[in-house]
Amino acid sequence: MKIAVAAPTGEVGRMNFGVLQDRNKKPKGINFYSLTDGEKHKVKELTKKVTEEVGKNLYFPTGSAVSHKFVPVAAETGNVAVEKSSGFHMVPEKDNAIQTAALSGRKRVAVIGGGPGGYVAAIRAAQLGAEVTLIEKNALGGVCLNVGCIPTKVLLHTAEAYTLAKEGAAIGLKAENVSVDWDELMARKRAVVDTLVAGVGTLMNSNGITVVSGTASFLSPRELSVALSEGGTRIVRADSVIISTGSEPVVPPIPGFELDGVITSTEALSLEKLPESVVLVGGGVIGMEFASLFSSFGVKVTVVEMLPGILPMLDGEIVGILRGVLERKGVVFHTSSKVTGVEKKGTGLSVSVETPRGATKLEAEKVLVSVGRRPVTRGLGLEKIGLSMDRSRIKTDKKMETSVKGVYAVGDCASPIMLAHVASREGEVAAENIMGHKTEMDYKTVPNAVYTAPEIASVGLTEKEASEKGFRVKIGRFPLMANGKSLIMNETDGLVKYVVDEKYDEILGVHIIGPRATDLIVEGALALRLEATVDELVTTVHAHPTVGEALLEGALAVRGRSISMPKKA
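Residues numbered from 1 in each chain as written. Predicted model: local features only at pLDDT ≥ 70, side-chain atom pairs only at ≥ 80, totals over all residues. Heavy atoms only, no water.

**Looking at the packing of helix α3 (residues 116–127) against helix α11 (residues 420–434)**
The test is simple: For every element, the axis is a line fit to its C-alpha atoms; helices are fit only across the contacting stretch, and the angle between N-to-C directions ranges from 0 to 180 degrees. Runs of E in the DSSP output that reach at least two residues are strands. Runs of H or I that reach at least four are helices, and both are numbered from the N terminus. Roughly parallel means an angle under 35 degrees; roughly antiparallel means over 145; roughly perpendicular covers 65 to 115; every other angle is labelled oblique. By convention the crossing between two helices is left-handed if the near helix lies anticlockwise of the far one by an angle smaller than a right angle, and right-handed if it lies clockwise. Contacts between residues were defined by any pair of non-hydrogen atoms, one from each residue, lying within 4.5 Å. In this count, Pro and Cys sit with the nonpolar residues alongside Ala, Val, Leu, Ile, Met, Phe, Trp and Tyr, while Asp, Glu, Lys and Arg are called charged and the others, Gly among them, polar.
One can describe the packing of α3 onto α11 by two numbers: an axis separation of 7 Å at closest approach and a directional angle of 30 degrees. With respect to α11, the axis of α3 lies roughly parallel. Handedness of the α3/α11 crossing: right-handed. Residues Pro 116, Gly 117, Val 120, Ala 121, Arg 124 and Ala 125 of α3 form the contact with α11, whose participating residues are Ala 420, Ala 423, Ser 424, Gly 427, Glu 428, Ala 431 and Glu 432. Classifying every residue of the contact of α3 with α11 gives 7 nonpolar, 3 polar and 3 charged.

**Examining the packing of helix α5 (residues 149–166) against helix α6 (residues 182–206)**
Across the interface, α5 lies against α6 with an axial gap of 9 Å and an inter-helix angle of 140 degrees. The angle between α5 and α6 places the two elements in the oblique class. Seen along the crossing, α5 lies across α6 with a hand that is right-handed. Contact with α5, carried on its side by Ile 150, Pro 151, Val 154, Leu 155 and Thr 158, involves Trp 182, Leu 185, Met 186, Arg 188, Lys 189, Val 192, Val 193 and Leu 196 of α6 and no other residues of that element. For the contact of α5 with α6, the per-class residue count stands at 10 nonpolar, 1 polar and 2 charged.

**What about the pattern of salt bridges?**
As a reminder, the rule being used: Think of a salt bridge as a Lys or Arg side-chain nitrogen and an Asp or Glu carboxyl oxygen that are within 4 Å of each other. For every residue, the accessible area obtained with a 1.4 Å probe (protein chains only) is divided by the maximum for its type, and the residue is called buried under 20%, exposed over 50%, and partly exposed between those limits.
Taken as a whole and assessed by the stated rule, the structure comprises 23 salt bridges. Put simply, Lys 153 and Glu 289 hold a salt bridge, and the shortest N to O gap is 3.0 Å. Note that Lys 153 is positioned in helix α5 and Glu 289 in helix α8 (residues 285–296), a separation of 136 residues in sequence. Taking relative accessible area as the criterion, Glu 289 reaches 5% and is therefore assigned buried. Note that Arg 516 is salt-bridged to Glu 160, the shortest N-O span being 3.2 Å.

**Some details on the pairing of strand β6 (residues 108–112)**
To keep things clear, this is the line we draw: Two strands pair under a simple rule: DSSP has to find at least two bridges between them. Here, the term right-handed applies to a crossover whose path from the first strand over the helix to the second runs clockwise when the strands point away from the viewer.
For β6, the tally of buried residues reaches 5 of 5 residues, placing the bulk of the element in the interior. Judged by which residues are buried, β6 turns out to be covered on both faces: Arg 108, Ala 110 and Ile 112 on one side and Val 109 and Val 111 on the other are all buried. Where β6 meets strand β7 (residues 131–136), 5 bridges bridge the pair, whose relative direction is parallel. Bridge assignment links Arg 108 to a residue of β7, and that residue is Glu 131. Between β6 and its parallel partner β7, the chain crosses via α3, and the hand of that crossover is right-handed. In this sheet, strand β11 (residues 240–243) lies alongside β6 in parallel orientation, the contact comprising 4 bridges.

**A few points about the sheet that holds strand β26 (residues 455–460)**
On the basis of which strands lie adjacent, the open sheet formed by 5 strands has the order β25-β26-β29-β28-β27 and antiparallel pairing. A single partner strand is all that each edge strand has here, and the edge strands are β25 (447–450) and β27 (473–479). Strand-to-strand twist across the sheet, computed as the mean angle between neighbouring axes with direction ignored, equals 10 degrees. Direction of pairing for strand β28 (residues 495–501) relative to strand β29 (residues 507–514): antiparallel, over a ladder of 6 bridges. Bridging from a neighbouring strand, Val 499 pairs with Gly 509 of β29. Contacts between helix α9 (residues 316–328) and the sheet are confined to β26, β27, β28 and β29, with β29 contributing the most and set at about 5 degrees to the helix. Strands β25, β26 and β29 of the sheet are contacted by helix α14 (residues 517–529), whose axis makes an angle of about 10 degrees with β26.

**Structural notes on α6**
Note the threshold: The span expected for a helix works out to 1.5 Å for each residue beyond the first.
Across its 25 residues, α6 extends 36 Å between first and last C-alpha, which sits within 8% of the 36 Å expected from 1.5 Å per residue. Taken as a whole, α6 has its buried residues at Trp 182, Leu 185, Met 186, Lys 189, Val 193, Val 197, Val 200, Gly 201 and Met 204. Of the residues trailing α6, Gly 208 is marked for its positive phi of about 70 degrees.

Structural data, given as structure tokens:
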């Protein structure tokens, strides 16, 4: 065992001592104090083993009194002067992160989960001076880097390039026999993922963060038991803990969903080959991205959605444009409909669906279930520390702190918005509050991004939401068919839409569909963050020719003076 300096608190595993110095302030030894004569005897025997000066690592045999409780008492003087009373914290010899923190007096932070919320929280805490231990049971980067955001966008980028090549004649590009090499695409996906995961590892090393591979659970609010991936158990102690365990796909208990060929987004990213047909159960973001991906590659796609429309969280006018584009690509939609069962039929599957027009059956090679995700909080031992929950979601305040002081939660396991960039910001907020800064999470400026073709991005209130909140709204619209760069790119299916408060001229929401919408939405998010008015946008010079000019034109349209649109009669 090693003993490292820590503040004496009287907690289990802490030993209190007096630092003994001679008249010249030179360390001569230490005296330990404990509750009982028996414990004093044990400590006395241990002190005989000390071979190094105070302030260095002090070595004791395994089995030293780490499990006993010690309390502060007045130091005995004897023949030497007593400088002060302090404390030693006993830690395993391999627990370098905790040992260094204890020796330096730095705050110890443990992070459970290495996804966008966890690894960003770990880095921010380290930047602010904490000694950080990050525990991850799978690969660094979490769902986003490994089986979510990144691999999906790799496939979608290739789908975009494939469409451009196929339709290249319209822009003077002739390409014959263009095909998708699925094996090569899967290899590229793995290469991109591996590069980014390795990059997160580099970030951990460069910030001095200790990464532990294993599954963590709480023993107490300040103590974690980690079942190591390599076998065995390790105890990690910390002053604060950040939970960032992410989410997992929801698979409803519908008959037949257990059959081979019924998959989630995770399996869809590692298919051995492109299916000839697929039924997508769920018309949310994940479903629509896969509908766009598969239909671009020539797969027959059918979407079944229980609600009256797809992407219900987005502006209806914007969503209507996307649906029209997908329908032109052959995607079939069954809204206000639900799947009641799946059966094997030949080499494929037969899906029973109840629609407003009656029951029907859909046949497909694959059924992709994308009805949502749920927080991963089981097995963490949260009941041992009395954490307040909202079903499976961890409750937090605006500082991302839970009902247990010193325990924070970020990302999909706690957030009302399951997005990677939200998790990252929540991670920063949690880390900053742990390190003494006063920061609160603001969801007002969170952008939504849907990587379909065309892309959709939005931030702030939709027209419907603003009206329901009592705002008198003004709307500014600018179609991308009137934007020079969109015309050059041959991508004119699009629109920029502003939702503006009529009273103060403040921008309440920005909604975009079209090329590079997910990049352009940053301007809208910044506008909401700064509580910008229409005047502040229209007096900002935008580069020409760019798709971004459409943001200027949309703002001008609020005033009825768009430059690039014909004047209304």
